[in-house]
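# Working through the structure, step by step
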Amino acid sequence: MHTPTIHPLEGATALAPLIEAYRGRRPDRLPVWFMRQAGRSLPEYRAARAARADIGMLEACLDPALATEITLQPVRRHGVDAAILFSDIVIPLRLAGVEVDIAPGVGPVFAEPIRDRRGIEELVARPIEEGMFAPVTEAVRLLTAELGPIPLIGFAGAPFTLAAYMVEGRPSRDHLAARTLMHADPGLWRALADWTARLSGAFLLAQARAGASAVQLFDSWAGSLPAPDYRRLVAPASRLALAPVREARIAGGTVPTVHFGVGTAHLLPDLAGVGADVLGVDHRLSLTDAARAVPGVPLQGNIDPALLGAPWPVLAEHVHRVIEDGARAPGHVLNLGHGVPPATDPGVLTRIVDLAHA
């Protein structure tokens, strides 16, 4: 793997507004980026994918040149304060040899659910080696050379979400099979969650070492859990996933870590407790309440994606309110409370960036 001679955090991105906010400071302008900013809402994305219609979504993520181009598109169009790597949370599973693909209109679909003892024991015996992430770290290297002072954010799926996907075999509304396994065989669940945590942790560390200026751990499904279950059966694995980056000395210090979960208002102190520097907040909870729940923690969020299709005065009022609420945290990065919907008018996102920067 290529490691940059000078990491961006040692120079180009050290004082970027995003990094300042992630470190709990107030930069001269409010940093803003959007989850899923690189994707189907952009006509240039659709054109790039159409030009490579011969490959699927995961293959596109693993093509360094294509992933670089798609990652850069929203930076060029919107003037956002960060790029986030064009990838998918199941990419490290694919690179570890797990048979998974993205089914259009469905999401990740596995060849077979991995939920019995034999399947899980075979999975956790798979080695995790940093070299397996070479296609992704090559994209990170290409991107940091193009982005200059704009930070690149690497990311990975959190252990619970990835493990739940594998146990269910596909997206699920209630994650019943995963939650059943947690209680029916806690030891087997921990083996699965710990292996997934080590995979995500190694993936995050590889991106950070290759040049990412921050990393984010996404827990899409943690909100389905009651707090006691999260603390006992999930939080230790999330802590394990974040540990490699938090403990590594990169660019003379540490790379900021962000933790985001969907529907996790009841879990915010627990999410903060696993060790991330910054907490992402979805649109279901005001940043005022979030700042009260986790005092002293920088926050990221939390424009309601549903309002992106509202008349501009309605959306602008909402964005102003989010910014005002975010001022109650030591640092704030403006973002959505979830990903950009595919039907979003890209011009609306550009107007939000302009508003935030003004």
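Structure's up top.
Residues numbered from 1 in each chain as written. Predicted model: local features only at pLDDT ≥ 70, side-chain atom pairs only at ≥ 80, totals over all residues. Heavy atoms only, no water.

## Let's talk about the sheet that holds strand β9 (residues 332-336)
- Ordered in space as β1-β4-β5-β6-β7-β8-β9, the 7 strands form an open sheet in which the pairing is parallel. Looking along the sheet, the strands with just one partner apiece sit at the ends: β1 (83-84) and β9.
- Pairing of strand β5 (residues 214-219) with strand β6 (residues 257-261), which is carried by 5 bridges, proceeds in the parallel orientation. Its bridge partner being in β6, Q216 is matched across the sheet by V258.
- The strands touched by helix α14 (residues 312-326) are β8 (299-303) and β9; relative to β8, the strand with the most contacts, the crossing angle is about 160°. (Pairing = 2+ DSSP bridges. Helix = DSSP H or I, 4+ residues; strand = E, 2+ residues; numbered from the N terminus. Contact = heavy atoms within 4.5 Å. Axes fitted to C-alpha atoms, helices over the stretch in contact; angles between N-to-C directions.)

## Quick word on the nonpolar core
- Counting residues in hydrophobic clusters, the biggest one holds 132 residues, and the most contacted among them are W33 and W189.
- By residue number, the principal contributor to this core is helix α10 (residues 186-210), which donates 14 residues.
- When residues no more than four places from it in sequence are discounted, the contact partners of W189 are F160, A163, A178, L181, M182 and L233. (Core = buried A, V, L, I, M, F, W, Y, C linked by side-chain atoms within 4.5 Å. Buried < 20%, exposed > 50% of the residue type's maximum accessible area, 1.4 Å probe, protein only.)

## Some details on the environment of Y45
- Along the chain, Y45 falls in helix α2 (residues 43-51).
- In this structure Y45 comes out as buried when scored by relative accessible area, which is 8%.
- As a C-alpha pair, Y45 and P74 span 29 residues in sequence and 9.2 Å in three-dimensional space.
- Apart from the residues lying within four places of it in its own chain, the contact partners of Y45 are G39, R40, M57, I70, Q73 and F86.

## Re the pattern of salt bridges
- With the rule as written, the count across this model stands at 18 salt bridges.
- Salt-bridge contacts for R117 lead to E121; the nearest nitrogen and oxygen are separated by 3.4 Å. On the criterion of helical spacing, the pair formed by R117 and E121 is a turn pair, its members being 4 residues apart in helix α6 (residues 117-124).
- A relative accessible area of 42% means that R117 is categorised as partly exposed.
- The exposure class assigned to E121 is partly exposed, which follows from its relative accessible area of 43%.
- Each of R52, D54 and D63 takes part in salt bridges that share partners, so that together they form one network. (Salt bridge = Lys/Arg side-chain N within 4 Å of Asp/Glu carboxyl O.)

## Focus: the packing of helix α9 (residues 176-184) against α10
- Interaxial distance between α9 and α10 falls to 5 Å at its minimum, and their mutual angle equals 120°. The angle between α9 and α10 falls in the class oblique. Between α9 and α10, the contacting residues are A178, L181, M182, H183 and A184 on the first element and P186, L188, W189 and L192 on the second.
- Split by residue class, the contact of α9 with α10 holds 8 nonpolar, 1 polar and no charged. (Parallel < 35°, antiparallel > 145°, perpendicular 65-115°, else oblique. Nonpolar A, V, L, I, M, F, W, Y, C, P; charged D, E, K, R; others polar.)

## Considering α10
- Taking 1.5 Å of rise per residue, the 25 residues of α10 would be expected to cover 36 Å, and the 36 Å separating its terminal C-alpha atoms lies within 8% of that figure.
- A large share of α10 lies buried, amounting to 18 of its 25 residues.
- Looking one or two residues beyond α10, the residue adopting positive phi is G211, at roughly 140°. (Expected span 1.5 Å × (residues − 1).)

## As for helix α7 (residues 134-147)
- Along its 14 residues, α7 runs 20 Å from first to last C-alpha, staying within 8% of the 20 Å computed at 1.5 Å per residue.
- Those residues of α7 lying buried are V136, T137, A139, V140, L143, T144 and L147. Along the long axis of α7, the arc covered by the buried residues comes to 150°, so they all point the same way. Facing away from the buried side of α7 by more than 90 degrees, the exposed set consists of A145 and E146. (Arc of directions from axis to C-beta.)

## Quick look at the packing of aromatic side chains
- Scanning all chains against the criterion turns up 6 aromatic pairs.
- A centroid spacing of 5.3 Å and a plane angle of 80° characterise the contact between F155 and F218, whose relative ring orientation is edge-to-face. With F155 in strand β4 (residues 152-157) and F218 in strand β5, this residue pair connects regions lying 63 residues apart in the sequence. An identical accessibility class is assigned to F155 and F218; each is buried.
- Residues Y165 and W221 carry aromatic rings whose centres are separated by 5.9 Å and whose planes lie at 75° to one another, so their mutual orientation is edge-to-face. Remark: W221 occurs in the loop between β5 and α11 (227-247) and Y165 occurs in helix α8 (residues 159-168); sequence separation between them is 56 residues.
- Among the residues examined, W221 registers a relative accessible area of 24% and is labelled partly exposed.
- Taken together, the ring pairs in this structure connect F155, F218 and F260 into an aromatic cluster. (Phe/Tyr/Trp six-rings, centres within 6.5 Å; stacked < 30°, edge-to-face > 60°.)

## Let's talk about the side chain of T144
- Mapped onto the secondary structure, T144 falls in helix α7.
- With sequence-adjacent residues up to four places away left out, T144 is seen in contact with P8, L152, A210 and G211.

## A word on unusual backbone geometry
- For the peptide bond that leads from G301 to N302, omega is -15°, which places it in the cis range.
- Checked against the element boundaries, N302 lands in strand β8.
- Of note in the backbone geometry, R36 takes a positive phi value of approximately 60° without being a glycine.
- Positive phi values are uncommon outside glycine, yet H175 reaches one of about 55°.
- Turning to its location among the elements, H175 is positioned in the loop between α8 and α9.

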